[in-house]
Amino acid sequence: MRFVTKSEAIRDAFISELRGEGIAFEVKEKLGYDAFVGYTLEGTLDEIGAKIQAMEDEIGDKDAIMAGFLTFKEQLAHVLEHLRKGERFEVLLNEGFWVGDILDQLARNEALDVGEVIRLKEDVDISKLRFQFKFPFELAKSPEEIEKIAKQFAFVNLLMEYEIEIKELNIGQINKTVQIAGKYFSEEELLKVYFALISRGIVANEILKALGKEKFPVESIVRSFTQSAPIEIPTKKGTLVISYTKKAVEEVLKLLEKEGYIDIKAGKVRKLRSL
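What you see is a predicted model; the values in this text were computed from it and never measured.

A. View of the packing of aromatic side chains. Tallied over the entire structure, the rule returns 12 aromatic pairs. Ring geometry for Phe 36 against Phe 153: centres 6.2 Å apart, planes inclined by 55°, an arrangement best described as tilted. In this pair, Phe 36 is assigned in strand β2 (residues 25–43) and Phe 153 in strand β6 (residues 151–166), connecting sequence segments 117 residues apart. Judged by its relative accessible area of 22%, Phe 153 falls in the partly exposed class. Look at Phe 69 and Phe 72: their rings are 6.5 Å apart centre to centre, the planes differ by 20°, and that puts the pair in the stacked class. Remark: Phe 72 and Phe 69 occur in helix α3 (residues 62–85); sequence separation between them is 3 residues, near one turn of the helix. For Phe 72, a relative accessible area of 8% gives the class buried. Following the ring pairs from residue to residue traces out a cluster consisting of Tyr 39, Phe 69, Phe 72, Phe 131, Phe 133 and Phe 135. For the cation-ring pair, Arg 11 lies above Tyr 162, with the distance from its terminal atom to the ring centre recorded as 4.4 Å.

B. Representation of the sheet that holds β2. Reading across the sheet, the 4 strands line up as β1-β6-β2-β5 and stay open at both edges, with antiparallel pairing between neighbours. The sheet terminates laterally at β1 (2–5) and β5 (131–136), the two strands that pair on one side only. The average undirected angle you get between the axes of adjacent strands in this sheet is 40°. Pairing of β2 with β5 involves 6 bridges; the strand directions are antiparallel. Bridge pairing in β5 links Tyr 39 to Phe 135. Most of the contacts of helix α2 (residues 45–53) go to β2, to which it runs at about 85°, and overall it touches β2 and β5.

C. Layout of the side chain of Gln 105. Mapped onto the fold, Gln 105 is located in helix α5 (residues 98–108). In this structure Gln 105 touches Phe 72, Phe 131, Gln 132 and Lys 134, once residues within four positions along its chain are discounted.

D. Looking closely at the nonpolar core. By size, the foremost hydrophobic cluster in this structure holds 39 residues, and its most contacted members are Phe 3, Phe 14, Ile 207, Leu 256 and Ile 262. At the level of elements, α1 (8–20), β6, α7 (171–181), α8 (187–211), α9 (218–227), β9 (239–242) and α10 (246–258) are the ones that each hand at least two residues to this core. At 10 residues, α8 tops the list of elements feeding residues into this core. When residues no more than four places from it in sequence are discounted, the contact partners of Ile 207 are Ile 221, Phe 225, Val 249, Val 252, Leu 253 and Leu 256.

What counts as what
- Residue indices begin from 1 for each chain and proceed along its sequence in written order.
- A pLDDT threshold of at least 70 governs which residues receive local features in this predicted model, and a stricter bar of 80 or more applies before side-chain atom pairs are shown or counted, although totals over entire chains, interfaces and linings include all residues.
- Side-chain calculation: all heavy atoms of the structure are included, whereas hydrogens and water are not.
- Under the pairing criterion, centres of Phe, Tyr and Trp rings, with the six-membered ring standing for Trp, must be within 6.5 Å; the plane angle then separates stacked pairs below 30 degrees from edge-to-face pairs above 60, leaving the rest tilted.
- Per the convention used, a helix needs a DSSP run of H or I reaching at least four residues, while a strand needs a run of E reaching at least two, with both numbered from the N terminus.
- Exposed residues in this analysis have more than 50% of their type's maximum accessible area, buried residues have under 20%, and partly exposed residues fall in between, with area computed by a 1.4 Å probe over protein chains only.
- By definition here, charges over rings are those cases where NZ of Lys or CZ of Arg is within 6 Å of the ring centre and within 35 degrees of the ring normal.
- Only strands that DSSP links by at least two bridges are regarded as paired with each other.
- An axis is simply a line fitted to the C-alpha atoms; with a helix, the fit covers only the stretch in contact. Between two such axes, the angle follows the N-to-C directions and lies from 0 to 180 degrees.
- By definition in these notes, contact holds between two residues if any of their heavy atoms fall within 4.5 Å.
- Within this scheme, the nonpolar core is defined by two criteria: the residues are buried Ala, Val, Leu, Ile, Met, Phe, Trp, Tyr or Cys, and they are joined through side-chain atoms within 4.5 Å.

The structure is reproduced here in structure tokens:
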């Protein structure tokens with residue numbers, strides 16, 4: 001149950017807010033990557049546009065490729081507005097990572113004057129510059145045919161990836177976590193992590209309720225909950241179904257023990273406090 005980001009700024013801001021709310025978490029980092037695998041069309045802007053227009057439907061998704069090319073042209077025009085006035089490199093990059101690719105292409109065309117600020121050379125005719133327009137491989141319906149007009153292209157950026165593992169089992173703290181995370185992560189990711197955290201919290205709470213004041217063999221608790229899976233919970237908006245494995249129950253028990261909710265000794269478990 002974790003949020004993942006490759007941005008140090010998002011990592012730092014997110015965990016700062018988590019600390020402020022007293023939310024239990026752990027940060028892990030590992031080598032990750034961003035990758036693009038696809039094809040590139042080369043030529044002047046007019047030549048690339050003509051290649052796409054001439055593309056037959058069975059070769060590639062012409063409409064989607066053209067839409068991407070029009071976006072590329074808009075991005076290029078936006079960067080050129082800055083470059084005609086002159087702009088600092090770091091300011092340009094704040095527009096987005098895509099700016100780096102456009103600057104690199106303009107540099108290979110020897111179209112830039114680079115100093116404290118980056119400027120477009122006065123005598124440059126954009127219509128005569130040669131560009132590379134890249135589109136993802138899934139837009140190619142026939143790779144063999146598309147490779148007659150486009151080259152394969154792959155870009156991999158090796159960079160650190162940060163996992164913010166949420167340790168909370170309490171529903172109230174989980175809700176606080178999600179409210180904070182909404183500032184930093186997509187709605188899709190937010191919903192997936194939210195329901196995963198809620199589901200783990202529900203399973204943990206059900207285990208604590210089953211324990212009561214008695215000691216039980218760990219194996220019997222694990223077996224009982226594994227056999228009762230899945231748990232189906234009706235809500236006002238629909239149904240939440242929680243499925244889990246024997247290993248998952250064991251991991252929830254470990255977390256409950258680590259967070260001081262239960263005590264496990266000699267193969268038996270007893271409840272120390274409620275969620």
